[in-house]
Amino acid sequence: MFTIGDFARHGRVSVRMLRHYDAIGLLRPARTDPVSGYRFYEAGQLARLNRVIALKDLGFTLEQVRSILDERLGTAELSGMLRMRRAELEDAVAAATARLARVEARLRTIESEGRMPTEDIVVKSIPPVRVAELTGIADGFGPEHIGPVIQPLYDELCRRLERAGVEPAGPGIARYEDAPGGGGAVVVHAGITVAAGARGGEDFEIVDLPGIEQAATIVHRGPMDRIMPTAQALARWIGTSGHRSAGYARELYLECPQDREKWVTELQEPITPA
């Protein structure tokens, strides 16, 4: 038998909480001294305490917890509920992490306003190129919309090219266009440079991208979810240099090692005289 203090310590709860559970009939002591009123618990009651805490963490009220336990919820059912709750928490953490990354990116963008870009902006012509590509739709053009669409497209494209025996002949090239119907959605084209003689398969498309007569280009270093300061530096240059944008910038993935902090990407935005 454990005193209430020992039982609370082993169960990682407070004595006050155990007293409350006793008062509402959720977890009664195994024995209460009729003279002193001291509560004593058995080791086997830790199992019920663990279920109480787990169900509370799932969001159930104490009344609901008591109803569930009185119906003798099985281990498998409880484990399933906990796994579901764990998945919900993992999704919440991932969403919060993504929001934090967007806030940090926006903060860097604000802090870089008015500064000269650390990389030179170069105006050059872009030659035509043949790519194998897959296409998807993103809800918007922000990194939080593009990232979840373009990465699976590239993963799948690489698998399909390997299955078809098509070897990449150069870097990846992503391009974008407004989706039909408006609403802010964007068509995402995830492409990989292939040889001039490459032919398409049943599950990917071969596209001959036209050259760009004039493109303002800038190099971005680091992961693509931090692209905004670089992209807006390019936009400010275009807006103040006597040019105007002629469409979405292409993304030329020059280096894409496992460590995304070491990624090197060239933005190639078509321009015309203002």
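Notes on the structure follow.

This paragraph deals with the overall build of the protein chain. On a plain count of helices and strands, the protein chain comes out with 7 helices and 12 strands. Taking 2.2 N^0.38 as the reference for a compact globule, 274 residues should give roughly 19 Å; the C-alpha atoms of the protein chain span a radius of gyration of 30 Å, well beyond that estimate. Overall, the protein chain is about 95 × 50 × 35 Å in size when its C-alpha atoms are taken along their principal axes. For the protein chain, buried positions account for 35% of its 274 residues.

Counting residues in each nonpolar core, the largest one holds 32 residues, and the members touching the most others are Ile150, Tyr154, Leu157, Tyr176 and Val188. If you list the elements that add at least two residues to this core, you get β5 (129–138), α6 (143–164), β6 (168–178), β7 (186–194), β9 (212–221), α7 (228–240) and β12 (264–273). For Tyr154, the residues in contact, after removing those within four places along its chain, are Gly172, Ile173, Ala174, Ala190, Gly191, Ile192 and Tyr253. Of all hydrophobic cores here, the second largest spans 17 residues; its members include Leu18, Leu58, Val65 and Leu69.

Attention shifts here to the packing of aromatic side chains. Per the stated rule, a full pass over the model turns up 4 aromatic pairs. Summarising the aromatic geometry, the rings of Phe7 and Tyr41 are spaced 4.5 Å apart at their centres and angled 10° between planes, so their arrangement reads as stacked. Linking Phe7 in helix α1 (residues 4–11) with Tyr41 in strand β3 (residues 39–41), this pair joins segments that are 34 residues apart in sequence. By the burial criterion, Phe7 is buried, and Tyr41 matches it. Summarising the aromatic geometry, the rings of Phe141 and Tyr248 are spaced 4.8 Å apart at their centres and angled 65° between planes, so their arrangement reads as edge-to-face. Here the residue Phe141 occupies a position in the loop between β5 and α6, and Tyr248 occupies one in the loop between β10 (243–245) and β11 (250–255), the gap between them amounting to 107 residues. Of the residues examined, Phe141 reaches a relative accessible area of 40% and is grouped as partly exposed.

This paragraph deals with the pairing of β12. Of all 10 residues making up β12, 8 are buried, and the element is well covered by its neighbours. With 7 bridges joining them, β9 and β12 adopt antiparallel strand pairing. Of the residues in β12, the one forming a bridge with Ala216 is Glu269. Across 3 bridges, the pairing between β10 and β12 is antiparallel. The partner of Ser245 across the bridge, within β12, is Ile271. The pairing of β11 with β12 spans 5 bridges and is classified as antiparallel. In the sheet register, Arg250 faces β12, and the bridge partner there is Gln268.

In this section: the packing of helix α3 (residues 45–57) against helix α4 (residues 62–70). Viewed as axis vectors pointing N to C, α3 and α4 meet at an angle of 135°, and their least axial separation amounts to 10 Å. Judged by the inter-axis angle, α3 sits oblique to α4. At the point where α3 passes α4, the crossing takes the right-handed sense. For the pair formed by α3 and α4, the contact residues are Arg48, Arg51, Val52, Leu55 and Lys56 on the first element and Leu62, Val65, Ile68, Leu69 and Asp70 on the second. Along the lines of polarity and charge, the residues of the contact of α3 with α4 split into 6 nonpolar, no polar and 4 charged.

You can see His243 is positioned in strand β10. Within the structure, the side chain of His243 is placed 2.9 Å from the side chain of Ser241, a separation counted as a polar contact. Look past the residues within four positions of His243 in its chain and what remains in contact with it is Gln214, Trp237, Ile238, Ile271, Thr272, Pro273 and Ala274.

Counting buried positions along β5 gives 7 out of 10 residues, so the element sits mostly inside the fold. As defined by bridge partners, β5 adjoins strand β8 (residues 205–209) across 5 bridges and the pair is classed as antiparallel. Following the sheet pairing, Val131 is matched in β8 by Val207.

Enumeration over the complete set of coordinates arrives at 12 salt bridges. Note that Lys124 and Glu266 form a salt bridge whose closest N and O atoms lie 2.9 Å from each other. Highlighted residues: Lys124 in strand β4 (residues 122–126) and Glu266 in strand β12, separated in sequence by 142 residues. Using a relative accessible area of 32% as the deciding quantity, one classes Lys124 as partly exposed. The structure contains a network of salt bridges with shared partners spanning Asp22, Arg28 and Arg39.

When helix α2 (residues 15–23) is considered as a whole, its buried residues turn out to be Leu18, Tyr21 and Asp22. The buried residues of α2 occupy one face: seen down the axis, they fall within an arc of 100°. Set apart from the buried face of α2 by more than 90 degrees, the exposed residues are Arg16 and Ala23. Here the buried face of α2 lies against α1, β3, α3 and α4.

Calculation criteria
Residues numbered from 1 in each chain as written. Predicted model: local features only at pLDDT ≥ 70, side-chain atom pairs only at ≥ 80, totals over all residues. Heavy atoms only, no water. Helix = DSSP H or I, 4+ residues; strand = E, 2+ residues; numbered from the N terminus. Rg over C-alpha atoms; globule rule 2.2 N^0.38 Å. Buried < 20%, exposed > 50% of the residue type's maximum accessible area, 1.4 Å probe, protein only. Core = buried A, V, L, I, M, F, W, Y, C linked by side-chain atoms within 4.5 Å. Contact = heavy atoms within 4.5 Å. Phe/Tyr/Trp six-rings, centres within 6.5 Å; stacked < 30°, edge-to-face > 60°. Pairing = 2+ DSSP bridges. Axes fitted to C-alpha atoms, helices over the stretch in contact; angles between N-to-C directions. Parallel < 35°, antiparallel > 145°, perpendicular 65-115°, else oblique. Left-handed = near helix turned anticlockwise from the far one by under 90°. Nonpolar A, V, L, I, M, F, W, Y, C, P; charged D, E, K, R; others polar. Polar contact = N/O pair within 3.5 Å; in protein donor to acceptor, adjacent residues only side chain to side chain. Salt bridge = Lys/Arg side-chain N within 4 Å of Asp/Glu carboxyl O. Arc of directions from axis to C-beta.

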